[in-house]
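Take a look at the letters that make up each chain.
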Amino acid sequence: MGRRKWKIKKHDKELAAELSESCGLDALTALLLVTRGITTAEEAQAFLSREAELIDPFELRDMDRAVERITQAVDSGEQIVVYGDYDADGVTASTVLYSYLSMIGAQVSVYIPEREAEGFGLHREAIDAIAAQGATLIVTVDNGIAAVEEAAYAGSIGVDLVVTDHHLPGDTLPKAYAVVDPMRQDNLCAYRGWCGVGVAFKLICALEGSDGADLLDEYADIVTIGTIADVMELRGENRMIVRRGLEQINAGVRRPGVQALLECAGMGDKEIGATDIAFGIAPRINAAGRMGRPALAAVDGRCGSGKSTLSELAARRLHCPLFHMDDFFLPPELRTPQRYAQPGGNVHYERVEAELLRPIRDTGAARFRPFDCHSLGYGAPVEVSVPGLA
């Protein structure tokens, strides 16, 4: 295997000195900013400011049409389905939109496809199932921009489609009622840094008729989790939202679901930073998709649910797939993964509880093989304590 050679970007110390003097920054901070491509006083102030202005959501093409159709559905009592994705971005996007629509009185539910059984994105079988339940409007989050054939099919059976996504569009846009995507070339705003939950947040801002400053008090933490999990660039609006979200998470009053996930990760009483979200919370939300239970994370992370017991149970279930008990630690009859599977790909939670979790609670430790989210494999056995399950 060939070795990779790091290319070290050259530092412009003269430009950094000018920036340091003009902005009153220390030399190292100015040098780091210049190395990141932030070379003027205006750019530096925008990057470092805590009071950046939110972008008008209606600068996104088709946002007016999305608001029109969703408002019509809410006012007339139509069944709306938020169609999400099974990763942390899609789950948080589903949570934000579902929570807001529920708050304003919409008849709304969430559909998140299963990773193994259905795969990513909108598909005909799901559209048929949604239509059979009486829904007349699907709003996608974090997917849909490539669903050209599926959009046409939805229209042919009388289901309207509003697409919100952040992925690159192809040569042809879906024929939906509205297609909101910051990567569209005909948008009015130059900023394109939002992920799926960021676009969902812009949508609820538009529905609320505001720039979103008031809604940040309610949703910044959830938007922050999805933005960090999707590895978005923390500049512009993303940076401001993530700063606000981290402040909320560390303010002392956390959502039951977020608190439960942090406790399972051994960080319940810790001050949380971006790294903790990236490697503590996000993988546990992503685990739901690999369990065949992606909606588990979305429903129990929703805003204002107050269901702390349910959230704690959900968090523990999301915590478990990140580890696999070492075969040598388990008796032979428990070594097969099939023992913990039920028809349809669901997990046999009662059996997991009785045979795996209860012994851990009794001893406070167990022998595990840590799961590597990059290689999708298990590492060498290690003796660990398991906080959050006691």
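Rules and cut-offs
- Residues numbered from 1 in each chain as written.
- Predicted model: local features only at pLDDT ≥ 70, side-chain atom pairs only at ≥ 80, totals over all residues.
- Heavy atoms only, no water.
- Core = buried A, V, L, I, M, F, W, Y, C linked by side-chain atoms within 4.5 Å.
- Buried < 20%, exposed > 50% of the residue type's maximum accessible area, 1.4 Å probe, protein only.
- Helix = DSSP H or I, 4+ residues; strand = E, 2+ residues; numbered from the N terminus.
- Contact = heavy atoms within 4.5 Å.
- pLDDT = per-residue confidence, 0-100.
- Phe/Tyr/Trp six-rings, centres within 6.5 Å; stacked < 30°, edge-to-face > 60°.
- Lys NZ or Arg CZ within 6 Å of the ring centre and 35° of its normal.
- Right-handed = clockwise from strand over helix to strand, strands pointing away.
- Pairing = 2+ DSSP bridges.
- Expected span 1.5 Å × (residues − 1).
- Polar contact = N/O pair within 3.5 Å; in protein donor to acceptor, adjacent residues only side chain to side chain.

Topic: the nonpolar core
- Formed by 64 residues in total, the largest nonpolar core has its most connected members in I80, L101 and F201.
- Among the elements that line this core, the one with the most residues is helix 8 (residues 196-208), at 9 residues.
- Excluding anything up to four places from it in sequence, I80 contacts I70, A73, V74, L101, A106, Q107, V108, S109, L137 and V139.
- Core analysis: the second largest hydrophobic core is formed by 17 residues, I145, A147, V159 and V179 among them.

Let's talk about the confidence of the model for the chain
- Looking at the chain, the pLDDT average stands at 80 and 73% of residues meet or exceed 70.
- Counting interchain partners and residues more than four positions distant, the pLDDT-below-50 stretch residues 294-337 has 105 contacts.
- Low pLDDT (under 50) marks residues 384-390, which in the prediction has 22 contacts with non-local residues, meaning those over four places away or in another chain.

Overview of the environment of I272
- Among the secondary structure elements, I272 is positioned in the loop between helix 11 (256-264) and helix 12 (274-291).
- Of the residues examined, I272 reaches a relative accessible area of 4% and is grouped as buried.
- With 22 residues separating them in the primary sequence, I272 and N250 have C-alpha atoms 6.4 Å apart.
- Among residues more than four places away in sequence, those in contact with I272 are L246, I249, N250, R254, L262, M267 and I277.

A short note on the packing of aromatic side chains
- Evaluation of the coordinates by the stated rule reveals 2 aromatic pairs.
- Pairing Y83 with Y111 gives two aromatic rings, centres 5.2 Å apart and planes at 15°, and the pair type is stacked. Here Y111 lies in strand 2 (residues 107-111) and Y83 lies in strand 1 (residues 79-83), a separation of 28 residues in the sequence.
- The exposure class assigned to Y83 is buried, which follows from its relative accessible area of 0%.
- Y111 sits in the partly exposed class, given a relative accessible area of 21%.
- Measuring from centroid to centroid gives 4.9 Å for Y191 and W194, while their planes differ by 80°, and the two rings are edge-to-face.
- The exposure class assigned to Y191 is buried, which follows from its relative accessible area of 18%.
- Looking at R65, its charged tip hangs above the ring of Y177, at a distance of 4.3 Å from the centre.

Quick look at the pairing of strand 1
- Where burial is concerned, most of strand 1 is hidden: 4 out of the 5 residues are buried.
- Taken together, strand 1, helix 5 (residues 88-103) and strand 2 form a β-α-β motif whose crossover is right-handed.

Points about the pairing of strand 2
- As judged from the 5 bridges shared by strand 1 and strand 2, these two strands associate in the parallel manner. If you follow V82 over to strand 2, its bridge partner there is V110.

So, helix 9 (residues 213-229)
- Here helix 9 spans 22 Å end to end across 17 residues, near enough to the 24 Å set by a 1.5 Å rise per residue.
- Of all the 17 residues making up helix 9, 12 are buried; the element is thus mostly covered by neighbouring parts of the structure.
- Of all the residues in helix 9, the buried ones are L215, L216, Y219, A220, D221, I222, V223, T224, I225, G226, T227 and I228.
- A positive backbone phi angle near 55° is found at V231, which sits one or two residues after helix 9.

Description of the environment of D160
- Relative to the assigned elements, D160 resides in strand 4 (residues 160-164).
- Overall, D160 belongs to the partly exposed group, its relative accessible area being 28%.
- Sequence separation between D160 and I138 is 22 residues, and the spatial gap between their C-alpha atoms is 6.3 Å.
- Those residues in contact with D160 that lie beyond four places of it in its chain are R69, T136, L137, I138 and Y177.
- A distance of 2.7 Å separates polar atoms of two side chains, one belonging to D160 and the other to R69.

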